[in-house]
Amino acid sequence: MELLVIGTGYVGLVSGTCLAEMGHHVTCLDINEDKIRKLNQGLIPIYEPGLEEMVKRNVKAQRLRFITDYAEGVSKAQVCFICVDTPHQENGEADLRFVRSVATSIAEHMFDYRVIVNKSTVPVGTAHFVENIIADTLNRRGISVDFDVVSNPEFLKEGNAIQDFMKPDRVVIGTNNTDVAQIMQEIYSPFMLSHERLIIMDIASAEMTKYAANAMLATRISFMNELAGLCELIGADINKVRKGIGSDQRIGYKFLYPGAGYGGSCLPKDIAALRKQADHVAYETPLIDAVSQVNERQKRVMGQQVIDYFNQRSGIAHKNIAILGLSFKPDTDDMREAPSLVLIQQLLNENVKLRLFDPVAMENAKKLIPDHPHISWCNDEFEATRHVDAIVLMTEWKQFRFIDLTSILQHMHGRVFFDGRNQYNPQDMVKKGFDYISIGQIPYYAGEAIPK
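Counting of residues starts from 1 at the beginning of each chain's written sequence and follows it residue by residue. The predicted nature of this model means local features are confined to residues of pLDDT at least 70 and side-chain atom pairs, given and counted, to a pLDDT of 80 or more, with totals for whole chains, interfaces and linings taken over all residues. Neither water nor hydrogens contribute to the side-chain values; these are computed over all heavy atoms in the structure.

Numbering of helices and strands runs from the N terminus; a helix is a DSSP stretch of H or I covering at least four residues, while a strand is a stretch of E covering at least two. On a plain count of helices and strands, the chain comes out with 18 helices and 14 strands. The size measure is the radius of gyration over C-alpha atoms, and the globule rule it meets is 2.2 Å times the number of residues to the 0.38 power. A compact globule built from 452 residues would reach a C-alpha radius of gyration of about 22 Å, and the chain, at 24 Å, matches this within 12%. When the backbone C-alpha atoms are referred to their principal axes, the chain occupies close to 80 × 45 × 45 Å. Exposure is judged per residue with a 1.4 Å probe applied to protein chains only, and the accessible area is read against the type maximum: over 50% gives exposed, under 20% gives buried, and values in between give partly exposed. Among the 452 residues that make up the chain, the fraction classed as buried is 54%. Should any heavy atoms of two residues lie within 4.5 Å, those residues are counted as being in contact. Long-range pairs, those at least 24 residues apart, make up 71% of the contacts in the chain with a sequence separation of at least 6. Computed with a 1.4 Å probe, the accessible areas rest on the Shrake-Rupley method; for each residue, only the protein chains presented here act as cover. Taken as a whole, the chain presents about 20,700 Å² of accessible surface, with 51% of it coming from carbon and sulfur.

So, in structure tokens, the structure goes:
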């Protein structure tokens with residue numbers, strides 16, 4: 001099928017490439033000429049494992065191409081996917097200006113029937129918003145063209161997006177038109193040869209499903225982080241609690257990991273947009289409100305642990321501290337809402353010298369972290385940790401799992417390791433000679449008896 005994907009950001013580029021991988025002929029359109037020029041040169045604007053190879057393979061097979069011309073793109077495509085960003089405004093409401101622009105441009109170049117699929121994360125009612133824009137634009141042109149608008153929210157996890165698209169848990173389609181549902185089923189049928197995962201529902205429910213899914217995931221994270229803080233104070237171990245509750249099939253283990261708080265482009269934005277939608281209909285959401293409040297508090301936990309540790313000793317000013325991992329999660333270069341940004345500012349406020357390293361996100365981090373005389377950018381984890389008083393792990397990149405911590409400790413001035421992702425075993429860290437401070441566990445100090 002001939003498909004047009006509008007927007008070559010994270011969702012658009014991954015979606016278009018995966019659709020091409022399954023045999024569709026996909027045109028990806030973006031008005032950013034520089035981005036399209038680079039894509040045509042084989043330069044991928046985002047980091048996602050496996051994406052670059054898949055893009056190049058499908059371009060070579062002539063199933064995937066990149067353009068800037070709406071007239072060319074709309075004229076050939078049977079189905080047009082809207083995959084543009086919907087950033088939140090200062091008041092938390094989703095900003096639909098890019099959706100509006102795309103809908104207008106599609107309508108300006110339509111001459112016969114098209115299915116317009118909204119894949120961007122949008123508030124309930126956006127499909128009608130798009131319908132009205134297209135209808136008004138067609139009226140201004142003085143022509144009558146049939147079209148249908150479909151809601152098809154994406155559920156891609158950064159760092160695992162290829163797998164999520166190629167083997168989806170579910171594909172949600174919002175439409176009341178059975179013929180359109182059949183078209184969408186045809187598009188996604190190659191992804192469901194082993195198991196039918198297509199869920200057809202009304203448009204409003206489909207639009208709500210994306211927000212509800214992310215709100216649930218964020219709630220589980222904040223719930224575990226809130227429990228972690230309580231566990232530290234009463235002597236319980238959050239990792240053991242996680243195993244205890246996760247073994248209940250009604251709960252399960254996924255998204256029950258405590259940490260330094262969630263970030264990224266989806267959860268914070270979608271929670272804010274959902275709260276704003278509730279405001280519009282005068283509906284109180286105390287549980288959803290608390291999810292965000294707990295997360296903002298959690299982002300400051302690691303910094304406060306570092307400050308408290310050194311203030312109980314010789315003071316924190318002028319200490320040298322390494323931060324390993326800057327992106328909000330591993331396998332992505334996304335720095336949006338990353339907890340590391342909060343930690344860095346906390347420590348700079350204490351006159352600390354920082355040594356920063358991330359395997360992938362360094363360039364994006366430099367765009368968000370202003371130049372500062374107390375910040376050093378390092379080439380690897382070994383350079384970052386040399387002669388420091390402390391190490392803080394903020395992103396659990398795989399390459400950090402089995403680094404030679406014994407050797408690293410020999411080249412440190414101090415011996416404390418702050419684990420913002422509970423990646424290491426406390427007993428092992430103490431045996432290596434570290435003071436080990438993590439999330440939701442009591443602190444472990446080298447030279448003291450190890451709790452059982």
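Geometry of a packed helix pair, given as the angle between the helix axes and the separation of the axes. Axis definition: a line fitted to C-alpha atoms, limited for helices to the stretch in contact. Angles are taken between N-to-C directions and run from 0 to 180 degrees. Relative to each other, helix H13 (residues 301-311) and helix H14 (residues 339-349) sit at 30°, their axes nearing to 8 Å. Overall, the two elements H13 and H14 adopt an arrangement that is roughly parallel. Handedness of the H13/H14 crossing: right-handed. Only Leu343, Gln346 and Leu347 of H14 make contact with H13, whose side of the interface consists of Met302, Gly303, Gln304, Val306 and Ile307. An angle below 35 degrees is treated as roughly parallel, one above 145 as roughly antiparallel, one from 65 to 115 as roughly perpendicular, and anything else as oblique. Take the far helix as the reference: if the near one is turned anticlockwise from it by less than a right angle, the crossing is left-handed, and if turned clockwise, right-handed.

What follows covers helix H12 (residues 286-298). To estimate how far a helix should extend, the number of its residues minus one is multiplied by 1.5 Å. With 13 residues, H12 extends 18 Å from end C-alpha to end C-alpha; this agrees with the ideal 18 Å at 1.5 Å per step. Packed against the buried residues of H12 are helix H9 (203-234), helix H11 (267-280) and H13.

This next bit is on the sheet that holds strand E12 (residues 390-393). Pairing is parallel in the open sheet, where six strands are placed in the order E11-E10-E9-E12-E13-E14. Edge strands, defined here as strands with exactly one partner in the open sheet, are strand E11 (375-377) and strand E14 (435-437). Across the sheet, the mean angle from the axis of one strand to that of its neighbour is 20°, orientation sign disregarded. Strands were regarded as paired on the criterion that DSSP finds at least two bridges between them. Of the strand pairs in this sheet, strand E9 (residues 320-324) and E12 are connected by four bridges, and their pairing is parallel. Looking at E12, one finds that leucine 324 is bridged to leucine 393. Strand contacts of H13: E9, E12, strand E13 (416-419) and E14, with the helix running at about 160° to E13, the strand carrying the most contacts. Here H14 sits on the sheet in contact with E9, strand E10 (353-357), E11 and E12, set at roughly 160° to E10.

Our next topic: the environment of aspartate 169. Within the secondary structure layout, aspartate 169 lies in the loop between helix H7 (161-166) and strand E7 (171-174). For aspartate 169, a relative accessible area of 64% translates into the label exposed. Between the alpha carbons of aspartate 169 and alanine 77 there is a distance of 27 Å; along the sequence they are 92 residues apart.

Looking at where asparagine 214 falls in the secondary structure, it is placed in helix H9. Classification of asparagine 214 as buried rests on a relative accessible area of 8%. If sequence neighbours within four positions are ignored, asparagine 214 has contacts with Cys266, Leu267 and Asp270.

Aromatic rings from Phe, Tyr and Trp, taking only the six-membered ring of Trp, are treated as a pair when their centres fall within 6.5 Å; an angle between ring planes under 30 degrees marks them as stacked, one over 60 as edge-to-face, and anything in between as tilted. Taken as a whole, this structure holds nine aromatic pairs when the rule is applied. Plain terms: the ring middles of phenylalanine 165 and phenylalanine 191 are 5.3 Å apart, the flat faces sit at 75° to each other, and that makes the pair edge-to-face. Pair noted here: phenylalanine 165 is in helix H7 and phenylalanine 191 is in the loop between helix H8 (178-188) and strand E8 (198-201), with a separation of 26 residues, a long-range link. Residue phenylalanine 165 is classed as buried on the basis of its relative accessible area of 7%. Residue classification places phenylalanine 191 among the buried positions, given a relative accessible area of 4%. Ring centres of phenylalanine 417 and tyrosine 436 lie 6.4 Å apart, and the angle between their planes is 25°; this geometry places the pair in the stacked category. Placement of the pair is phenylalanine 417 in strand E13 and tyrosine 436 in strand E14, with a sequence separation of 19 residues. Counting every residue linked through ring pairs, the aromatic cluster contains Phe417, Tyr424, Phe434 and Tyr436. Two thresholds decide whether a charge sits over a ring: the Lys NZ or Arg CZ must be within 6 Å of the ring centre and within 35 degrees of the ring normal. Between arginine 141 and the ring centre of phenylalanine 111, over which it is positioned, the NZ or CZ distance is 4.7 Å. The cationic tip of arginine 313 hangs over the ring face of tyrosine 309; the distance from NZ or CZ to the ring centre is 3.7 Å.

Turning our attention to the pattern of salt bridges. Note on definitions: salt bridges are taken to be side-chain nitrogens of Lys or Arg within 4 Å of carboxyl oxygens of Asp or Glu. Applying the stated criterion to the full structure yields 20 salt bridges. A salt bridge links lysine 299 to glutamate 296; the nearest nitrogen and oxygen atoms lie 4.0 Å apart. The partner of lysine 366 in a salt bridge is glutamate 363, with the nearest N and O atoms 3.8 Å apart. Of the two residues, lysine 366 and glutamate 363 both sit in helix H15 (residues 362-368), three residues apart, roughly one turn of that helix. A relative accessible area of 51% means that glutamate 363 is categorised as exposed.

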